[in-house]
Amino acid sequence: MAPTAALVEASGLVKEFRRPRKAPGLAGALRHLVTRRFDVHRAVDGIDLRVDEGESVAYVGPNGAGKSTTVKLLTGILVPTAGEVRVAGVVPHRDRVANARNVGVVFGQRTQLWWDLPVQDTFELLRDMYRIPAADYRRSMDRLCEVLEIGPLLPVLARKLSLGQRMRADLAAALLHEPRIVYLDEPTIGLDVSVKDRVRAFLRQLVADGTTVLLTTHDVGDIEEVCRRIVVVDEGRIRHDGPVDVLRDTLAGHSTVRFQLAAPAPLELIRQHLPDAEVSAGAGERDLVVRFDRTLRPAGAVAAAVMGLVEVRDLRIDDEGVADLIRRLHERDSPAALTGAG
């Protein structure tokens, strides 16, 4: 089988920003006018990244890690200080028009809809900007109206849309020209649960249809439900790059089973039968929480042990989320952990 083509290729990518260094107050501002001094902040520090056609990649990290800066370099909004980047064979900042035809971008806290125009007018403007043939435009609109349920929104002014409605319309606007790759920056921020589920289902279908997705988010559900690969970045550098499930298996040794019992939990009895687990009471006297290392015993064995001792009305298994895994990755690779310092 032929190797998958690389859609995004970044090598030694660096982006630096100059920040003015000046003392506070009017005197500091006046001195800065005479003698200008700057500090250099390196937001992206030598990133090597490859994203293949059809991949779904979560690009995550703490605030200020360089995620949004990387996306702006990939879209051509920013020019790299050093290094090389190509998207579908195009250098984004050198040929922004060609790059725009290959990409779609959705920023959860911004919109590309014209605020005082009906949604339909925005789509028609985008059709003209991208020079989409009439037949292709009708096909895209029919598909997007069906899967995103935006048909009733077309005559509505953009400024009158709810947040969930606007997000669905923004997704449609970004996908109208059928881009090869879509950059999503916090696409479900502020959405209620039902709208989040609808957006995530659409993104999964998008990936299944062959569109490449690069997702930056703090929402663990977005990562776990949409992406197969996770790239963890911090201080402008990639700290981890691999499948989401491998990261979980590597770092997240623990799971938690929460039981609802028919009677108050006999904690000491359960601890005797599960000596290598953390057994504690839950919010109520009939709630039981068992945290265990799933490399030592599976969740089914824990549940069976408890059900052999007490009557269980209900149970729920909670694995550690991706946010917890990222935190533990930082703890594992911290200087103190690497040197053994306490």
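Here, every reference points to the structure presented above.
Residues numbered from 1 in each chain as written. Predicted model: local features only at pLDDT ≥ 70, side-chain atom pairs only at ≥ 80, totals over all residues. Heavy atoms only, no water.

1. Here's the deal with the overall build of the protein
Helix and strand counts for the protein come out as 13 helices and 13 strands. Counting every position in the protein, which comprises 342 residues, the buried fraction comes to 43%. For the protein, long-range pairs separated by at least 24 residues make up 69% of all intrachain contacts whose partners lie at least 6 apart in sequence. (Helix = DSSP H or I, 4+ residues; strand = E, 2+ residues; numbered from the N terminus. Buried < 20%, exposed > 50% of the residue type's maximum accessible area, 1.4 Å probe, protein only. Contact = heavy atoms within 4.5 Å.)

2. Details of the pattern of salt bridges
Evaluated as defined, the whole model comprises 24 salt bridges. Here Arg297 ties to Asp276 by a salt bridge, and the two come within 3.1 Å at their closest N and O atoms. Of this pair, Arg297 sits in the loop between strand E12 (287-293) and helix H11 (299-307) while Asp276 sits in the loop between helix H10 (267-273) and strand E11 (278-281), and the two are 21 residues apart along the sequence. Between Glu311 and Arg313 there is a salt bridge, with its nearest N and O atoms 3.8 Å apart. Counted as one network, the salt bridges with shared partners bring together Lys196, Arg200, Arg204, Asp219, Asp222 and Glu225. (Salt bridge = Lys/Arg side-chain N within 4 Å of Asp/Glu carboxyl O.)

3. Brief notes about the packing of aromatic side chains
Tallying each qualifying case throughout the model produces 0 aromatic pairs. Cation over ring: Arg127 sits above Tyr137, and NZ or CZ is 5.1 Å from the ring centre. (Phe/Tyr/Trp six-rings, centres within 6.5 Å; stacked < 30°, edge-to-face > 60°. Lys NZ or Arg CZ within 6 Å of the ring centre and 35° of its normal.)

4. Observations concerning the packing of helix H4 (residues 119-130) against helix H6 (residues 163-175)
Put simply, H4 and H6 touch, their axes get as near as 10 Å, and they point 15° apart. Taken as axis vectors, H4 and H6 run roughly parallel relative to one another. In the packing of H4 onto H6, the handedness of the crossing is right-handed. Residues Val119, Phe123 and Leu126 of H4 lie in contact with H6, whose contacting residues are Ala169, Ala172 and Ala173. (Axes fitted to C-alpha atoms, helices over the stretch in contact; angles between N-to-C directions. Parallel < 35°, antiparallel > 145°, perpendicular 65-115°, else oblique. Left-handed = near helix turned anticlockwise from the far one by under 90°.)

5. Some remarks on the pairing of strand E6 (residues 181-185)
Moving residue by residue along a regular strand, the side chains alternate between the two faces of the sheet. Burial of E6 is extensive: 5 of the 5 residues sit out of reach of the surface. As defined by bridge partners, strand E5 (residues 103-107) adjoins E6 across 5 bridges and the pair is classed as parallel. Note on E6: the bridge partner recorded for Gly104 is Val182. Bridging between E6 and strand E7 (residues 212-216) involves 5 bridges; their strand directions are parallel. Its bridge partner lying in E7, Ile181 is registered against Thr212. The handedness of the E6 to E7 crossover, carried by helix H7 (residues 193-208), is right-handed. (Pairing = 2+ DSSP bridges. Right-handed = clockwise from strand over helix to strand, strands pointing away.)

6. Side note on the environment of Leu214
As for its placement among the helices and strands, Leu214 is situated in strand E7. The residues touching Leu214, leaving out its near neighbours within four places in the chain, are Val57, Tyr59, Leu74, Val182, Tyr183 and Leu184.

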